[in-house]
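Inside the fold
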Amino acid sequence: MVGNSLSRGETGLRSRTIAIGEKTFPYHFGRECVTEIGTAIAQLAPDKLVFVTDDDVLAHYGHAIDTMAGAIPSVILSHPSGESMKTLTCLSQHLETALRAGITRRSVVVSFGGGVPGNLAGLMANLLFRGVRLVHVPTTTIAAMDSVLSLKQAINSGVGKNHLGTYYAPDAVFTDVDFFTTLPERELRSGLCEMAKNCLAIQPEALDGLRAIVAGGDPAAPDSLLWLLDASIAAKSSVTRDDTFERRAGLVLEYGHTVGHAIEICDHRARGAAGLPHGTAIALGMLVAAHISHARGWLSDDEVSTHYEIVTGLGVEPALPASVRAEQVLAVVADDNKKGYLPARPDAVPFVLLRGLGRPEMSGDLPLTPVEVREIRAALDVITQPSASTPIVVG
Ligand SMILES: NC(=O)c1ccc[n+]([C@@H]2O[C@H](COP(=O)([O-])OP(=O)(O)OC[C@H]3O[C@@H](n4cnc5c(N)ncnc54)[C@H](O)[C@@H]3O)[C@@H](O)[C@H]2O)c1
């Protein structure tokens, strides 16, 4: 990341420059700044805007789309919210609709919503005419603090999550933290769980700031959100600036994801949209990873307790949902998208494990280590037990 100090630009938006490998793009954020966002989008001189959003965001913020679009002809592509949007079918329908609406190489795709519309829009922008300009306007904490700070754009296959994707950089990211005030609490906290991941795995020095916000009881206060956004940008950028494809140092961002993704998929298969939000599932995945590290003698009791303190402080019940069985999780883990980073072993999967807070175990230059299925099972057993609301250490 470059441009390390926050500055107030003429538009009233705060700006940081994000560098991911050779790609750089500005990230502008502030409060009550939708009009400024529209002005900045107009400065890209698009002939058309293609807004990619979901029905819930549209219901809340249709007026913001009008403001951002101004006089620029716009196509609004919406779909019922949730992972069911990240499919080849939806991608194909949106692409066809955009093309039939007469978009050109001068058009700009604008993602407006959470990580789901963001990922879909990223793929669309990459595919249309082999690449049109992309602007992200994230409206969830997950998207603003995590997914837009990555070039990864992916949709799901019938086999697993994020299996079909590419890397594509936006021209700019804009957000107004006031968008987050309408987020259901579970979605807000889901984003904060990803922030917690960054603290535990990358920047433990930010843990005290996060603790203070958790203790304050109002993480949705604008000042808290601005601090969280800034801290997330700093943490995530520190591991992706030299790793465009998140295939080396950036893999540490997968902390909690091997089991977390699997829990998320299983729960969504069982409960549909009522399943755990992404970040909450990742929080459970981090607890599993912490228990495995502890069992290997790498994390101390205190460090495992810190995981529980932060995760439960963010309102996450530290237990596998009743709708999900450990066996199902293990079956999905076998298809994890980090397969292939390490020499194949039938009994093990590549995993981000910590040797201390902020200190991932490395295999060469990769923050990955093989973990045997029996180790994952033992750690899952701990969070499957109903009594898991207090830290239980496996050894
Ligand atoms: N590319 C990456 O590196 C990356 C990183 C993290 C997550 N992701 C992806 O992002 C997705 C999860 O993101 P998400 O949690 O933002 O999901 P999401 O986009 O489905 O949003 C969650 C819910 O919040 C609603 N919502 C959005 N903004 C709102 C607002 N301001 N007010 C009220 N409701 C609002 C949405 O309608 C939806 O129901 C996953 O598919 C994940 O794979 C990608």
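The model shown is predicted, which means the values in this text are computed figures rather than measured ones. (Residues numbered from 1 in each chain as written. Predicted model: local features only at pLDDT ≥ 70, side-chain atom pairs only at ≥ 80, totals over all residues. Heavy atoms only, no water.)

Describing the site of the ligand
Lining the immediate environment of the ligand, one finds 28 residues, of which Glu83, Lys86, Thr139, Thr140 and Thr182 sit closest. At 2.8 Å, a backbone N or O of Gly115 approaches an oxygen atom of the ligand. Here Ser150 contributes a side-chain N or O atom positioned 3.2 Å from an oxygen atom of the ligand. For the ligand, the accessible surface in isolation is 870 Å², of which the surrounding protein chains cover 92%. Breaking the shell around the ligand down by element, the ones donating at least two residues are helix 2 (55–69) and helix 4 (115–127). The class makeup of the residues in the shell around the ligand is eight nonpolar, 12 polar and eight charged. (Near = heavy atom within 4 Å. Polar contact = N/O pair within 3.5 Å; in protein donor to acceptor, adjacent residues only side chain to side chain. Areas by Shrake-Rupley, 256 points an atom, 1.4 Å probe, with all protein chains shown as cover. Helix = DSSP H or I, 4+ residues; strand = E, 2+ residues; numbered from the N terminus. Nonpolar A, V, L, I, M, F, W, Y, C, P; charged D, E, K, R; others polar.)

Notes on the pairing of strand 3 (residues 23–30)
Alignment of strand 2 (residues 14–20) against strand 3, held across seven bridges, turns out to be antiparallel. From the neighbouring strand, Arg14 faces strand 3, where its bridge partner is Phe29. Taking the residues that link successive antiparallel strands as the turn, the strand 2-strand 3 hairpin has two residues, and the phi of Gly21 there is positive, at about 55°. Of the pairings in the sheet, the one linking strand 3 to strand 10 (residues 172–176) comprises four bridges and is parallel in character. Residue pairing in the sheet places Phe29 in a bridge with Thr175 of strand 10. (Pairing = 2+ DSSP bridges.)

Topic: the nonpolar core
As a rule of thumb, soluble globular proteins bury nonpolar side chains together. The biggest cluster of nonpolar side chains holds 107 residues, and the ones touching the most others in it are Tyr27, Met68, Phe112, Val329, Ile376 and Leu380. Residue contributions to this core peak at 10 residues, all from helix 10 (residues 278–295). Both domain 1 (2–183) and domain 2 (212–384) contribute no fewer than three residues apiece to this core. Counting residues in hydrophobic clusters, the runner-up holds 22 residues, among them Met85, Cys90, Ala98 and Val116. (Core = buried A, V, L, I, M, F, W, Y, C linked by side-chain atoms within 4.5 Å. Buried < 20%, exposed > 50% of the residue type's maximum accessible area, 1.4 Å probe, protein only. Domains from an automatic or database assignment.)

With respect to the packing of helix 9 (residues 257–271) against helix 10
Remark: helix 9 packs on helix 10, axes separated minimally by 7 Å, with the N-to-C direction vectors making an angle of 135°. On the basis of their axis angle, the class for helix 9 and helix 10 is oblique. Between helix 9 and helix 10 lies a crossing whose hand is right-handed. On the side of helix 9, the interface is formed by His257, Val259, Gly260, His261, Ile263 and Glu264, while helix 10 contributes His278, Ala281, Ile282, Leu284, Gly285 and Val288. Here the residues of the contact of helix 9 with helix 10 sort into six nonpolar, five polar and one charged. (Axes fitted to C-alpha atoms, helices over the stretch in contact; angles between N-to-C directions. Parallel < 35°, antiparallel > 145°, perpendicular 65-115°, else oblique. Left-handed = near helix turned anticlockwise from the far one by under 90°. Contact = heavy atoms within 4.5 Å.)

Examining helix 7 (residues 207–216)
Here helix 7 has its buried residues at Leu207, Leu210 and Ile213. Relative to the axis of helix 7, the buried residues are bounded by an arc of 125° and lie together on one face. Facing away from the buried side of helix 7 by over 90 degrees, the exposed positions are Asp208, Ala215 and Gly216. At its buried positions, helix 7 is contacted by helix 6 (185–201), helix 8 (222–240) and helix 11 (301–313). Looking one or two places after helix 7, you find Gly217, whose phi comes out positive at around 80°. (Arc of directions from axis to C-beta.)

Overview of the state of the cysteines
Within the structure shown, the criterion is met by zero disulfides. Sulfur of Cys199: no disulfide; nearest cysteine sulfur belongs to Cys193 and is 11 Å away. We classify Cys199 as buried; its relative accessible area is 1%. (Disulfide = S-S within 2.5 Å.)

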